[in-house]
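Close look at the chain arrangement
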Amino acid sequence: MSLTEKDKAAVKALWAKIAKSADAVGADALSRMLLVYPQTKTYFSHWPEMKTGGESVKKHGKKVMGGVALAVSKIDNLTAGLLELSELHAFQLRVDPANFKLLAHCIQVVIANMFPNEFTPEAHVALDKFLGNVALGLSEKYR
Amino acid sequence: MVTWTDFERATIQDIFSKIDYDVVGSAALSRCLIVYPWTQRYFGSFGNLYNAAAISSNPRVAAHGRVVLGGLEKALQNMDDIKQAFADLSVLHSEKLQVDPDNFKLLADCLTIVVASQLGKSFTPEVHAAFAKFLAVVVAALRKQYH
C-alpha cells in the first residue's frame, strides 16, 4: 500500500502541525504502548524505571519521534532513508516487527487525543499508510 | 474468565456515560471504512461510499454506527460474561454476515482513536488501557463462535 502524492502531502501537512509537540507525543505514545501492550515491556528491561511520564520514557519517546521526523523528510524513499535505522533494529535491537504496528497505533491515538481537529479521517488514513511504510522500511534488513 | 479491577469497571462505565453514542458510532464506523477501505465489502447496500466525505455523511453508516455502539452497551451491561452475552452475535457475524474476524480489531482501533479524540486529557494511558482491554474482550467474544 504505497504512498500516493496525496498521502505524502497529507502526512507533511499533519506533521507541520504536530512537530513542535513531537517529544510529548513520543513520550505519551510509548507510555501507552507499554501499558496497553505489556509484552512490549520486554524490550526495556534495562531501563531503571518505566513510569508513565518518567525520564526513561521521555528520553526514548524523543528518540523515536526523531526517527519519525527523519522518515517524514525521506518520505519519497523510505527504504533508502531508513537504512541505518533498519540495520540498528535488525542486528542490534531485534525488535519483532509486529510491535511496530502497536506503537504506530498508540502514536495515532495520541495525535487524535492532542489534535482532534487536525486528525481528520483523511489525515488518519495517510498517517496509517505512512507509519505502515515506515515499519516496512525499518524491517528491510531483518532477513 | 476475565477479571476486571474496580478501576477498570469504573473507568469503562465512565467512558460510556461521557460519550455521545451517535457521534462516536458514526465517526468510528466512518473511519474504519475510510482508513481500511476493504471493510467496505460488507456494506455494498449502503449506497455512496465513494470518498471520505460521502462516507462521513452517509446516513446508513451513521445508523449502523449506532447499532455497533448498542452492541458495546450490551457488553457493558454484561461485563462479567461477555462471551455468553455475545454468543448469538458471534454466530450472526460468522454465519449470516460472514465478516472476517480480523476486521473487528480494525473497528476497535478506530473506536479507540475516536474516543481518544473526544475525551481529551481524561483519556489517560490508564484509561486507554482499560478501554483497550474491554474492546479486546468484546472482539474475542465476537470471534468465539466462528468455526
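Residues numbered from 1 in each chain as written. Chains lettered and ligands numbered in written order. Predicted model: local features only at pLDDT ≥ 70, side-chain atom pairs only at ≥ 80, totals over all residues. Heavy atoms only, no water.

Moving on, we come to the packing of helix α2 (residues 21-35) of chain B against helix α7 (residues 102-119) of chain B. Residue and element names in this part refer to chain B. As a packed pair, α2 and α7 sit with axes 8 Å apart at the nearest point and diverge in direction by 130 degrees. Taken together, the axes of α2 and α7 are oblique relative to one another. You can see that α2 and α7 cross each other, and the crossing is right-handed. On the side of α2, the interface is formed by Val23, Val24, Ala27, Ala28, Leu29, Arg31 and Cys32, while α7 contributes Leu106, Leu107, Cys110, Leu111, Ile113, Val114, Val115 and Gln118. Here the contact of α2 with α7 is built from residues that sort into 13 nonpolar, 1 polar and 1 charged. (Axes fitted to C-alpha atoms, helices over the stretch in contact; angles between N-to-C directions. Helix = DSSP H or I, 4+ residues; strand = E, 2+ residues; numbered from the N terminus. Parallel < 35°, antiparallel > 145°, perpendicular 65-115°, else oblique. Left-handed = near helix turned anticlockwise from the far one by under 90°. Contact = heavy atoms within 4.5 Å. Nonpolar A, V, L, I, M, F, W, Y, C, P; charged D, E, K, R; others polar.)

With that settled, consider the UniProt feature "domain: Globin" (unreviewed entry) in chain A. Within this structure's numbering, the places UniProt gives as "domain: Globin" (unreviewed entry) are residues 2-143 of chain A. With 70% helix and 0% strand, the stretch residues 2-143 of chain A has end C-alpha atoms that lie 21 Å from each other. (UniProt positions renumbered as here; feature names shortened; annotations may be inferred.)

This paragraph deals with unusual backbone geometry. You will see that A:Arg94, though not glycine, has its phi angle at about 50 degrees, which is positive. Note on A:Arg94: relative accessible area 59%, which makes it exposed. At B:Gln98, a position not held by glycine, the phi torsion is positive, near 50 degrees. Its place among the elements puts B:Gln98 in the loop between α6 (87-96) and α7. (Buried < 20%, exposed > 50% of the residue type's maximum accessible area, 1.4 Å probe, protein only.)

Further remarks concern the packing of aromatic side chains. Overall, the coordinates contain 9 aromatic pairs over all chains when judged by the stated rule. Here the aromatic rings of A:Phe100 and A:Tyr142 are separated by 6.5 Å at their centres, their planes lie at 85 degrees, and the arrangement is edge-to-face. Highlighted residues: A:Phe100 in helix α6 (residues 98-114) and A:Tyr142 in the segment after α7 (121-139), separated in sequence by 42 residues. Between B:Phe16 and B:Phe131, the ring centres sit 6.4 Å apart and the planes meet at 55 degrees, which makes this aromatic pair tilted. Pair noted here: B:Phe16 is in helix α1 (residues 6-18) and B:Phe131 is in helix α8 (residues 125-143), with a separation of 115 residues, a long-range link. When its relative accessible area of 4% is taken as the criterion, B:Phe16 is described as buried. The buried category is assigned to B:Phe131, whose relative accessible area is 1%. An aromatic cluster of at least three residues, connected via ring pairs, comprises B:Trp4, B:Phe16, B:Tyr21, B:Phe131 and B:Phe134. (Phe/Tyr/Trp six-rings, centres within 6.5 Å; stacked < 30°, edge-to-face > 60°.)

Another aspect to go through is the interface of chain A and chain B. Between chain A and chain B, the residue contacts involve 21 residues of the former and 20 residues of the latter. Of the roughly 1800 Å² buried between chain A and chain B on both sides combined, carbon and sulfur atoms contribute 66%. The interface formed by chain A and chain B contains 0 salt bridges. Our count for the contact surface shared by chain A and chain B stands at 7 residue pairs in polar contact (both at pLDDT 80 or more). Looking at the side of chain A that touches chain B, the elements that each hand over two or more residues are α2 (22-36), α6 and α7 of chain A. Of all the elements, α6(A) adds the most residues to the side of chain A that touches chain B, at 6 residues. (Buried area = accessible area lost by both parts, 1.4 Å probe. Salt bridge = Lys/Arg side-chain N within 4 Å of Asp/Glu carboxyl O. Polar contact = N/O pair within 3.5 Å; in protein donor to acceptor, adjacent residues only side chain to side chain.)

Across chain B, the average pLDDT comes to 96, with 100% of residues at 70 or higher. If you check the scores for this complex, the pTM reads 0.94 and the ipTM reads 0.90. (pLDDT = per-residue confidence, 0-100.)

Attention now goes to the UniProt feature "domain: Globin" (unreviewed entry) in chain B. Here the UniProt feature "domain: Globin" (unreviewed entry) sits at residues 3-147 of chain B. Measuring from the first to the last C-alpha atom of residues 3-147 of chain B gives 26 Å, for a span that is 72% helix and 0% strand.

A few words on the packing of α6(B) against α8(B). Residues and elements named next belong to chain B. Relative to each other, α6 and α8 sit at 65 degrees, their axes nearing to 7 Å. When α6 is examined against α8, the residues Leu89, Ser90 and His93 are found in contact with a partner set consisting of Ala141, Leu142 and Arg143. Each residue belonging to the contact of α6 with α8 can be placed in one class, and the counts come to 3 nonpolar, 2 polar and 1 charged.

What follows is about the pattern of salt bridges. Note on pairing: side chains with opposite charge can pair once their charged atoms come close. Tallying each qualifying case throughout the model produces 11 salt bridges over all chains. Between B:Glu8 and B:Lys133 there is a salt bridge, and its shortest N-O distance comes to 3.0 Å. Highlighted residues: B:Glu8 in helix α1 and B:Lys133 in helix α8, separated in sequence by 125 residues. Assessed through its relative accessible area of 13%, B:Glu8 is described here as buried. In this structure, a network of salt bridges that share partners links the residues A:Glu5, A:Lys8 and A:Asp76.

Attention shifts here to α1(B). All names here are of chain B. With 13 residues, α1 extends 18 Å between its outermost C-alpha atoms, agreeing within 8% with the 18 Å of an ideal straight helix rising 1.5 Å per residue. Buried within α1 we find Glu8, Thr11, Ile12, Ile15 and Phe16. All buried residues of α1 lie within an arc of 130 degrees about the axis, which places them on one face of the element. α1 presents Asp6 and Ser17 as exposed residues on the side facing more than 90 degrees away from its buried surface. (Expected span 1.5 Å × (residues − 1). Arc of directions from axis to C-beta.)

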